[in-house]
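Given next are the chains, with one letter for each unit.
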Amino acid sequence: MQIEVRHLRYMIAAAEHGSFRRAAAALGVESSAVSRRIRDLEDSVGASLFSRYAGGVRLNEAGERFLHHARQALGQIDAAGNHAATIGRGESGTVRIGILDSFASTFVTELLQGYDTRHPGIRLDYVEKEPAGLIAAIRQRQIDIAFLIGIFEAPGCEIAQLWNERVYIAMAEADDLTRLEAIGWPDIKDRRFVVTEVAPGPQITDYLRLRLAMLGASPIVERQAVYRDTLMQIVAGGQQVTLVIESYTAMSFPGVVYRRLGNEVIPLCAVWSPANENPAFRRLLSLAKAFSKKYPARLAKADGEKAVRED
């Protein structure tokens with residue numbers, strides 16, 4: 001049985017108007033086209049659906065039953081088409097976002113709140129993983145976009161630097177460094193650092209090695225299999241310090257204070273697949289790039305520092 005959508009539309013119109021001619025006029029087609037398609041429909045289902053008479057047509061019993069299901073089927077088809085159209089226009093759908101555990105950048109928070117306000121019909125789903133896992137999920141199209149901190153490689157993906165997170169030192173409140181108005185790398189080159197084994201611990205370790213190598217120093221870094229809360233308890237003990245990004249300083253921990261580390265910043269980047277054609281994701285990416293233009297000073301400074309390192 002081969003039934004086309006136009007068969008259903010013609011049949012419903014004929015039933016509503018009681019005439020092939022009037023149905024054709026309402027549909028903007030030839031009367032012969034309506035008559036022919038309804039005849040094809042009746043041949044396909046193996047039953048007559050209309051009783052013909054001089055003044056027009058009326059549904060018979062088989063036609064009445066068929067009409068009920070035809071309207072339901074056509075309604076579902078129209079709904080499917082409308083839903084697909086809204087997704088295609090980026091008005092509905094889902095954006096799957098990858099993010100590091102406990103990462104709450106002011107930039108990302110403002111971006112996602114702004115996106116949700118502009119596109120209330122789009123659902124935002126979140127996935128927390130290590131950077132390598134997020135990049136793999138991007139390649140496998142399991143997520144649409146990931147927000148990561150630091151400098152990294154992601155072959156096969158697009159990367160855009162959107163923002164920079166300031167760097168802070170977390171230390172015990174009795175630490176001598178708390179008395180300094182400005183803390184620089186020379187002040188901490190001989191200190192003992194503690195980081196987590198999970199993200200962003202490895203990124204912080206690489207960052208410490210890179211920056212202290214410029215002073216001819218090698219950092220003393222202890223890695224602990226703990227999460228942030230326990231890490232801060234270790235720092236509060238006063239034997240070690242750690243580095244955190246700006247968004248982490250919104251959390252307070254007993255016995256721990258934060259101090260800005262010079263003018264240091266770490267880049268915040270967006271990562272995505274160039275083959276991703278999800279319209280809702282594309283709208284988020286466009287908004288993210290627009291938001292990044294609100295913070296040119298930080299971006300310019302980071303670019304300048306990178307140029308100095310490369311020279």
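Let me sum up the structure you'll find in this document.

Reading the values: rules and limits
The residue numbering used here restarts from 1 in each chain and proceeds along that chain's sequence as written. Local features in this predicted model are restricted to residues whose pLDDT is 70 or higher, and side-chain atom pairs enter the listing and the counts only when it is 80 or higher, whereas totals over whole chains, interfaces and linings include all residues. Processing note: side-chain calculations cover all non-hydrogen atoms of the structure and skip hydrogens and water entirely. Any Phe, Tyr or Trp ring, taking Trp's six-membered ring, that has another such ring centre within 6.5 Å forms a pair; planes under 30 degrees apart are called stacked, those over 60 apart edge-to-face, and the others tilted. Secondary structure is summarised from DSSP: a helix means a run of H or I of at least four residues, a strand means a run of E of at least two, and numbering begins at the N terminus for each. Summary of the burial criterion: residues with accessible area below 20% of their type's maximum are buried, those above 50% are exposed, and those between are partly exposed, where the area comes from a 1.4 Å probe applied to protein chains only. We call a charge positioned over a ring when the NZ of a Lys or the CZ of an Arg lies within 6 Å of the ring centre and within 35 degrees of the ring normal. Should DSSP find at least two bridges between two strands, the strands are regarded as paired. Axes here refer to lines fitted to C-alpha atoms; in helices the fit is confined to the stretch in contact. Angles between the N-to-C directions go from 0 to 180 degrees. Working rule for contacts: check all heavy atoms of both residues, and any pair within 4.5 Å makes them a contact. Residues grouped as a nonpolar core are buried Ala, Val, Leu, Ile, Met, Phe, Trp, Tyr and Cys residues, joined through side-chain atoms within 4.5 Å. Note on angle classes: values under 35 degrees are labelled roughly parallel, values over 145 roughly antiparallel, values of 65 to 115 roughly perpendicular, and the remainder oblique. Left-handed describes a crossing whose near helix is turned anticlockwise from the far helix through less than a right angle; right-handed describes the clockwise counterpart. Gly counts as polar in this scheme, as do all residues outside two lists: the nonpolar Ala, Val, Leu, Ile, Met, Phe, Trp, Tyr, Cys and Pro, and the charged Asp, Glu, Lys and Arg. Here, a salt bridge means any Lys or Arg side-chain nitrogen found within 4 Å of an Asp or Glu carboxyl oxygen. It is the directions from the helix axis to the C-beta atoms that the arc portrays. Here a polar contact is taken to be a pair of N or O atoms separated by no more than 3.5 Å, where protein atoms must pair a possible hydrogen donor with a possible acceptor and residues adjacent in sequence count only if both atoms sit in side chains.

## Examining the packing of aromatic side chains
Think of a pair of aromatic rings as described by two things: how far the centres are apart, and how the planes are tilted against each other in angle.
Thought 1: A full pass over the atoms with the stated rule returns 3 aromatic pairs.
Thought 2: Judged by centre distance (5.9 Å) and plane angle (15°), the ring pair of F107 and W163 falls under stacked. Taken together, the residues span a long stretch of sequence, with F107 in helix 5 (residues 106-118) and W163 in strand 6 (residues 158-172) at a distance of 56 residues. The same class applies to F107 as to W163, namely buried.
Thought 3: Residue placement shows R58 over the ring face of Y53; its charged tip is 4.4 Å from the ring centre.

## Let's talk about the sheet that holds strand 5 (residues 145-149)
Thought 1: Sheet architecture is open: 6 strands sit in the order 4-3-5-10-6-9, paired in mixed fashion. Each having just a single partner strand, strand 4 (122-128) and strand 9 (242-245) make up the two edges of the open sheet. With strand direction ignored, the average angle separating the axes of adjacent strands in the sheet is 30°.
Thought 2: Examined bridge by bridge, strand 5 and strand 10 (residues 256-272) share 5 bridges and lie antiparallel to one another. Paired with F147 across the two strands is A270, which belongs to strand 10.
Thought 3: Across the sheet, helix 5 lies against strand 3 (93-99), strand 4, strand 5, strand 6 and strand 10, angled at about 155° from strand 4, the strand it touches most.

## Some words on the nonpolar core
As a rule of thumb, soluble globular proteins bury nonpolar side chains together.
Thought 1: Among the nonpolar cores identified, the biggest contains 69 residues, and V95, F147 and L243 are the most heavily contacted of them.
Thought 2: Beyond its immediate chain neighbours, meaning those up to four positions away, V95 contacts Y115, I122, R123, L124, D125, D144, N278, A280, F281 and L284.
Thought 3: Counting 20 residues, the second largest nonpolar core, distinct from the first, contains L8, A14, I38 and F50.

## Things to note about the packing of helix 1 (residues 5-17) against helix 2 (residues 20-27)
Helix packing for two helices is described by the angle between their axes and how far apart those axes are.
Thought 1: Packing of helix 1 against helix 2 brings their axes to within 8 Å, and their N-to-C directions diverge by 120°. In terms of axis orientation, helix 1 runs oblique to helix 2. Handedness of the helix 1/helix 2 crossing: right-handed. Of the residues in helix 2, those touching helix 1 at R9, Y10, A13, A14 and H17 are F20, R22, A23, A26 and L27.
Thought 2: Of the residues that constitute the contact of helix 1 with helix 2, the class distribution is 7 nonpolar, 1 polar and 2 charged.

## Focus: the pattern of salt bridges
Side chains that differ in charge, positive against negative, can pair when their charged atoms come close.
Thought 1: Enumeration according to the criterion identifies 13 salt bridges in this entry.
Thought 2: Across the pair R52 and E42 runs a salt bridge whose closest N-O atoms are separated by 3.0 Å. Here E42 lies in helix 3 (residues 31-45) and R52 lies in strand 1 (residues 50-53), a separation of 10 residues in the sequence.
Thought 3: Relative accessible area serves as the criterion here: at 42%, R52 is assigned to the partly exposed category.
Thought 4: The buried category is assigned to E42, whose relative accessible area is 9%.
Thought 5: For E61, the salt bridge identified is with R65, shortest N-O distance 3.4 Å. Of the two residues, E61 and R65 are both situated in helix 4 (residues 61-88); the distance of 4 residues between them amounts to about one turn of the helix. Here E61 and R65 have matching classes, each one exposed.

## So, the packing of helix 1 against helix 3
Thought 1: In the contact formed by helix 1 and helix 3, the axes pass within 9 Å of each other and the chain directions differ by 110°. In this view, helix 1 runs roughly perpendicular relative to helix 3, as classed from their interaxial angle. For the element pair helix 1 and helix 3, the recorded crossing hand is left-handed. Contacts between helix 1 and helix 3 involve R6, H7, Y10, M11 and A14 from the former and A33, V34, R37, I38, D40 and L41 from the latter.
Thought 2: Classifying every residue of the contact of helix 1 with helix 3 by side-chain character gives 7 nonpolar, 1 polar and 3 charged.

## Things to note about the pairing of strand 9
Thought 1: Here strand 9 shows a buried face lined by T242 and V244 and a second buried face lined by L243 and I245.
Thought 2: Here 4 bridges tie strand 6 to strand 9, and the two strands are oriented antiparallel to one another. Within strand 9, the position partnered with Y168 by the bridge is V244.

## As for helix 2
Thought 1: Those residues of helix 2 lying buried are F20, A23 and A24. Buried residues of helix 2 fall within an arc of 100° about the axis and therefore sit on the same side. Facing away from the buried surface of helix 2 by more than 90 degrees, the exposed residues are R21, A25 and A26.
Thought 2: Sitting at the head of helix 2, S19 places a side-chain oxygen 3.1 Å from the backbone nitrogen of R21.
Thought 3: Immediately beyond the C-terminal end of helix 2, within one or two residues, lies G28, with a positive phi of roughly 75°.

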